[in-house]
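Here's the letter readout for the chains.
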Amino acid sequence: MPRIAFIISLLITGHIIGCAKSFATESYELKGVVYSAEDKLAVPFAFVDINEIGLHSVCDNDGRFSFPKLAEGEYIVSISSLGYSQKNVSIKVPQEHTAKIFLNTESIALEELQVMAKRTAIDKLTIDRTAIEYIQPTSINDVFLLLPENLYSKSTSGGFTQISSRQVGSDANSSLGMAVSADGAPQTNDGMRTQLIGITENSSDGGSDGEVARRTGMNKGIDTRSISTDHIGSIDIVRGISSAKHGNLSSGMISIKSKQGVSPLTLRAKADLNNKLFYIGKGFRVGEKGGTLHLGLDYLHSVDDIRDEMDKYQRLTFQSFYNLHKSVGHSTLDLSAKINQTITLNKMREDELTKEYNELYEANYKKTALTLKSEFTFKQLSWIDKFTFTANQDFVFDRITRHKMVLSSSGPRSMPIATEEGEHEGIYLPAKYYSDYYLDNKPFNLFMLADAESNIQINKRNLLKVNYGADYRRTKNFGDGAVIEDATRPPFPYDNTYMRPRPNYEIPAIISGAAFVQTEYIVNTSEKQILKLSPGVRFTKMFGLSSDYYLSKHGMTEPRINCSYSFTGKARHSIRIGYGEENKLPTMDYLYPEKVYKDYYVLNAYTNEEQFRHLITTTKIYETANKNLKANKNSKAEIGYDLTIKDFMLSATLFYEKSTTGFEYMKIYVPFTYDRYLYLKEGADISGRIPQKDDYEKVEYSLFTTMSNVENSKKTVKKGVEYRIILPKAKPINTGVEINGAYYHTRYGTSLEQYYYPDVTIADKRYPYVGVYDIDPENVYCRFNSNIWINTHIPSYRLIFTNFFQFVWHNTSQYEDRHWKYPKEYIDFKGARHSISQKDIARMDDNTDIMYYLKKSNLPIKYAIDSKPISMIWNVKATKEFASSMVRLSFYANKLLDISPVYVSGGRKTTREWTAPDFGLELSLNLNSNKKR
Amino acid sequence: MKANAIILSLYVCGAAAESNYCDIYRMPMSQYEERKEATFYDAELDIEKSISIQPASYDCPFAKRDSQRRRNIVSATYNKGESTGDFLPVYGNGARDGSIAAHGEYKLRGKDKEQDKGTMFGSVQYGRGIHNGIGWNAMRFPELYLPYIATDSCGGDTKYEIYEVVGGYAFTVGKWNFGIEAKFVGEQAYRMTDPRILTNTSFISAKLGMARAFGKNVLMFSGGYERNKQYDKIQYWRPAQQDRFFIAYGFGLYDISHSSIAFGYSRMYYNYRKHFSLDFLTDSRKRNTMSISLKYKGDKMQTEESSIKSLYKSKTNSLNEAVLLNSKFSEHFSISICEKASYTCRRGIENIFEEYLVDEGNNIYDFRKIGSEQNYICSALNAHYGVNLRWSVGVFSFIGIGGGARNFMRREENKEFDFLISNRNFGVSPSIFGGYRKKRSEFHASARLYRNIVRKNSYDVRIENTNLNHLDFQHAFTPYAYYSANYNSVLAEASYMINLHRFSPGIKAVTSIEKGTREKSARYDDSIGFASSAPMIKTLPDRHNEVFSSVSLFVRF
């Protein structure tokens, strides 16, 4: 299927481009000027879109816009600008006069105000500024509630929140694979790297610093907490098949468009149980012809659990966005420059316990990003319409500083300090001490994209749009990495694993390049039928890796194709179908894990007299980097149907996604045999002196040691149906209803064999075998939900009141495997793998045999379905405008009422899910009218 | 509790000040504010509040008692209260809070600007503060759930943040006014010392009301439903620290099997309330006016443990009636007489559960309810009677004197063990007030005294089973001791408001001082079960002192 799709994509793309020009037909220019309805002044830098054929433009400083190459016909032009209500107008081409479009100042008093997400293209949802403001978000996570599948969750910022996509629950690979792009520039933290036992995921069993791990989202994608919604004009979300222009993603695409243009001075203050937020922003003209500058500053103080002084999270963001529009001969040049500064601080404050423990946790994050974009629009060149160059560079300073108390409840622990293989003297740690360390990341990300658009109006009914270009991404980390101030005072001395971390600046840069072609062939077979065929292909290659890495030699080809057919009779019907492959490249942390140092006790002579203690260890170094690591490939297919009858809309999308190469730190067992001095020789007297090896009997000691390697082993299979129903507004009660939701069936598993080591000691010797199982374990989740939005909008009262009901009709989880109790192989202390024979199975069934321990028997209850009953929550939200749109007061209460019935869980216990409401208030002020802008 | 125990005495009502408006739509945030209102009963304020909770009143021109045309207000208030000696440990021995509140009324007109399309009204309040020195109680709004409270043995200071939003719409159909109102109050409270408490409490209510004017006399009725939910979580932050958490059910008794030693516990409370109110107001411009108010509240409360067992339930009925008569004898002299009584009775139900084996193969136990008992009863009566005399001195100024009396009775019993606690108090309160009201400004000041006298009290709680430590001192004796005090109290209020072109800014300051001692007979001679460091009163008679002060800045527009 993938290969066929790739070939089809390539053939169609090539054929269309090759043939199109020869058929090019006469085209016309659509021109217009956008004014403010309030003061009749031009609105600069308004966005102008013809969604039906996917053309976009931006007004100049005087509110003028144009689409130079359109076929004769009638077009629905959509105009939006910050502070104004979006307007759709129908314009016939060729025009007799330049169209004049008047935008109304955004207000709840306007009949046309929309507060829900809009579908603008194939499975793309757009959440505009009005909807964002109405949601009263703290971070971009809150906005996702507008997506059909999303279940309501409380807005928190204390810990890292994974982004989920078309699934029940969330997983690190889906979150990592969700691309976030701001004004065309991808946001990434793939250059972050934290390799320290207890912190990174390849820590073996034992202690870990949950305080750090919970707050850092290593290898889980973008930290959405750091993205303020106050600087955002609109958000596009694609969960299906992305355009070939976008790469290094596997789940979907969140595309952010910043606030820009002229806007009144806006103040926003929000208070809820977890967050206190303040924003101030304004957009203004820079002289008569100098473009516009939009400035914004936002401050957030957030806490997950208000009792925890370590949960305090603060974020300060500043953004300036400058636009300039210039005419250069017959072409126009749009320049934009954006500076975004984000500072977040997670700092433990003093309370009863932190004072007593004298611990410190401080996370400082500073990100400075500069995005430059230049866009040439050519009105007279037939072969190219637009050329865009985007450059983004961001530099992050991220440092977590920890002063941690290490307390051993079982007395002093031993501590190896060797850095080379072989036998070494070790030390004993005190029962209580403080460990100081910091994790330092300074990734510098560079992104450059050059792309061009050629729109060829083949004839009146056929339009070909081709978008082609190349991008370059480079990420280099200049940080110190994990630094322990005193190596003899480690933060996690709970097992025999230890790393000697390399500084991050010694790790080579991750570099990738990609080229793409995305075409869209639009056929208006008649006024009432439109066929869109959108094949695209993308080729990606990594650079800068050493030659022994698989990815240094192999590129990735990603074919993507979307197709839709719309026809209009009494109703408008659309059928959509798509297939695509998307690849997420591994992060720096996955590509360059540290070597693992395993230290084994050779002699552990601990006495109460400190001067007579003697510790000897032998150190073995293991390379854990997986040079065969590949990108995580996600294959997607979907089919959808949309029906529109006047104000009624029905939309349904059936999808299937499969990824079997997700990244995972996978636990492996490695045998090791060494000489150990365990028992005192007969007659040996070690009192009053330091014991030596000679005092003990030498025994050959074998064991299996564990470590975690990064593998392409995580399996995620997602399938389901998403639906959205918009009912016509009931005008007598000023109420509109939208019902959306999804049925999701998600399987999380692992595609590689499983290891199991029975942790038993027989006759003072460790168990000699590790079982290798092929049982295909999976956790299967199913969920069917409906979100019902009832929006009552009374323009004359300047009031919007929303009732949100979320029903979860079906919610189950179950563990599944092949129900096979026996391993397919086992490994012995020499590392040899043995296949399991019938004789071995018979031995495993005999509970007196040593192999009995390899038989894995699960109680039936492990496979029981945990099925939750129907549950419901009710959220309310109200916004009232005062003083002619100058003041807006909003209130929300979520989980105001809930139905969470008592049920018998899979564990056969009576239980119930408790919920508690969360609520907040928001006040926003628009301090000057449009006249004074 | 007998109704005929109400004692008639003189009571002086403070004259209604326009600045009272900032108290009508602001909810009290501490026990000190609530007790001040209960002790120094202000009949005018009480009637104003009673009208304000009638949703139909907002579109009824005859229901307005406040002469100000500016019906919108924004206010900021700071309160502080502190107790020395005896206090109610479930509420703590100190409070500090700050709040911002706003109320607005918006007359809706049709497109022709003449058509009356009703009145929208709403209030909003945000407040935060701290309640200090809470002992043997881990929950908020304990008056709703007592005696079924869960507690740790450490106590401490609880910080909180509270939100209130009220919205409604009133409209007129013929001679009838109708109103609907929805209200939400949500609070998050937390303690930053171990064991750390986090509570989330919400109240959601809906109300329907109607009013009918007979001439210029108004009869108003409303009925509504409220759901309250409180989610309590309490956990030790200190690693490996455990302690006993008590699931109490009155008189110091607690459920032994559920009061386990643990790292923490969680619990849910639900309270469902139906409430009705009836108000009758005569024409406020006549020489003689009358206001009558009658209210009923019926509560059903139930607790839910983390195991989903509903161990306790209670049913509470409250009846509240108030009458205010005003008479202008002459141009310069008027008199008002008021009477108010509120009666509350709570009956507690204890459910009995058993555990049973549901899955032998997997050794899984579940539980089922096998019975219930009704043993706990608590009732209280609070009654006021008063007379208020007012003279106009000059065109705009006035002075007045008054006197009042209060009767307070409280009785708590357990039928199973024959426990009985009873308090009966009597109080008198003379007062003096004065002020002026001019076109550009108004000023109002008052001083009121209150003398509380213990009439009769009894404490009959004898724990037979001495093998177990009981919390009768902490949970039964402390309220008994608090209400067994003779004390004097003084309340001084002053407010000033300027009427500017578009708005009227003002300030209001209140302070009260209470000094007294516990009755000598109110002493605890047994040893205290579970002696702890939690804030607590002394066993022997102690001082009963309280100080409260409040300042509000407000703007009417």
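For the structure itself, look to the data block above.
Residues numbered from 1 in each chain as written. Chains lettered and ligands numbered in written order. Predicted model: local features only at pLDDT ≥ 70, side-chain atom pairs only at ≥ 80, totals over all residues. Heavy atoms only, no water.

1. Comments concerning the environment of Phe530 of chain B
Residues and elements named next belong to chain B. Tracing the chain through its elements places Phe530 in the loop between strand S21 (504-518) and strand S22 (544-556). A relative accessible area of 23% means that Phe530 is categorised as partly exposed. When the C-alpha atoms of Phe530 and Asn457 are compared, they prove to be 26 Å apart, with 73 residues separating the residues in sequence. (Helix = DSSP H or I, 4+ residues; strand = E, 2+ residues; numbered from the N terminus. Buried < 20%, exposed > 50% of the residue type's maximum accessible area, 1.4 Å probe, protein only.)

2. Quick look at the interface of chain B and chain A
Put simply, an interface is often sized by how much accessible area is lost when its parts join up. Taken residue by residue, the interface counts 53 residues in chain B and 40 residues in chain A. Between chain B and chain A, a total of about 4000 Å² is buried, with carbon and sulfur atoms accounting for 62% of that surface. Looking only at chain B, the three residues that lose the most surface to chain A are Tyr163, Trp237 and Arg238 of chain B, adding up to 15% of its buried area. Between chain B and chain A we count four salt bridges in total. In this structure, Asp898 of chain A and Arg227 of chain B form a salt bridge, with 3.7 Å as the shortest nitrogen-oxygen distance. Counting across the chain B and chain A interface gives 13 residue pairs in polar contact (both at pLDDT 80 or more). A per-element tally of the side of chain B that touches chain A places strand S7 (residues 196-214) of chain B first, with seven residues. (Contact = heavy atoms within 4.5 Å. Buried area = accessible area lost by both parts, 1.4 Å probe. Salt bridge = Lys/Arg side-chain N within 4 Å of Asp/Glu carboxyl O. Polar contact = N/O pair within 3.5 Å; in protein donor to acceptor, adjacent residues only side chain to side chain.)

3. Quick look at unusual backbone geometry
Residues other than glycine predominantly adopt negative phi, and peptide bonds predominantly adopt the trans conformation. Residue and element names in this part refer to chain B. At the junction of Leu146 and Pro147, the peptide bond is cis and its omega measures out at 5 degrees in the coordinates. On the secondary structure map, Pro147 appears in the loop between helix H4 (142-145) and strand S4 (150-151). Following Asp194, the chain continues to Pro195 via a peptide bond in cis, the omega torsion being -15 degrees. On the secondary structure map, Pro195 appears in the loop between strand S6 (176-190) and S7. In this structure, Ile308 is a non-glycine residue whose phi angle is positive, near 75 degrees. Turning to its location among the elements, Ile308 is positioned in the loop between strand S13 (288-305) and strand S14 (312-328).

4. Some words on the pairing of strand S3 (residues 55-58) of chain A
Residues and elements named next belong to chain A. Covered by surrounding structure in S3 are Leu55 and Ser57 only, the residues His56 and Val58 on the alternate face being uncovered. Sheet topology note: the strand S2 (residues 47-50)/S3 ladder contains four bridges and is antiparallel. Bridging across to S3, Val48 finds its partner in Ser57. Turn length for the S2-S3 hairpin, with the two strands adjacent in sequence and antiparallel, is four residues, and the turn residue Gly54 shows positive phi of about 70 degrees. (Pairing = 2+ DSSP bridges.)

5. A short note on the nonpolar core
Considering soluble globular proteins, one finds that nonpolar side chains tend to be buried as a cluster. Residues and elements named next belong to chain B. Formed by 44 residues in total, the largest nonpolar core has its most connected members in Phe251 and Phe477. Contributions of two or more residues to this core are made by H4, strand S5 (156-173), S6, S7, strand S12 (264-281), strand S16 (364-393), strand S18 (419-437) and helix H5 (472-482). The leading source of residues in this core is H5, at five residues. (Core = buried A, V, L, I, M, F, W, Y, C linked by side-chain atoms within 4.5 Å.)

6. What about the environment of Ala625 of chain A?
Residues and elements named next belong to chain A. You can see Ala625 is positioned in the loop between strand S34 (614-622) and strand S35 (632-645). Looking at Ala625, the relative accessible area reads 17%, which means it is buried. Distance from Ala625 to Tyr590, taken between C-alpha atoms, is 7.9 Å for residues 35 residues apart in sequence. What Ala625 contacts, discounting residues up to four positions off in sequence, is Tyr549, Leu591 and Pro593.

All we've got here are geometric facts, nothing functional implied.
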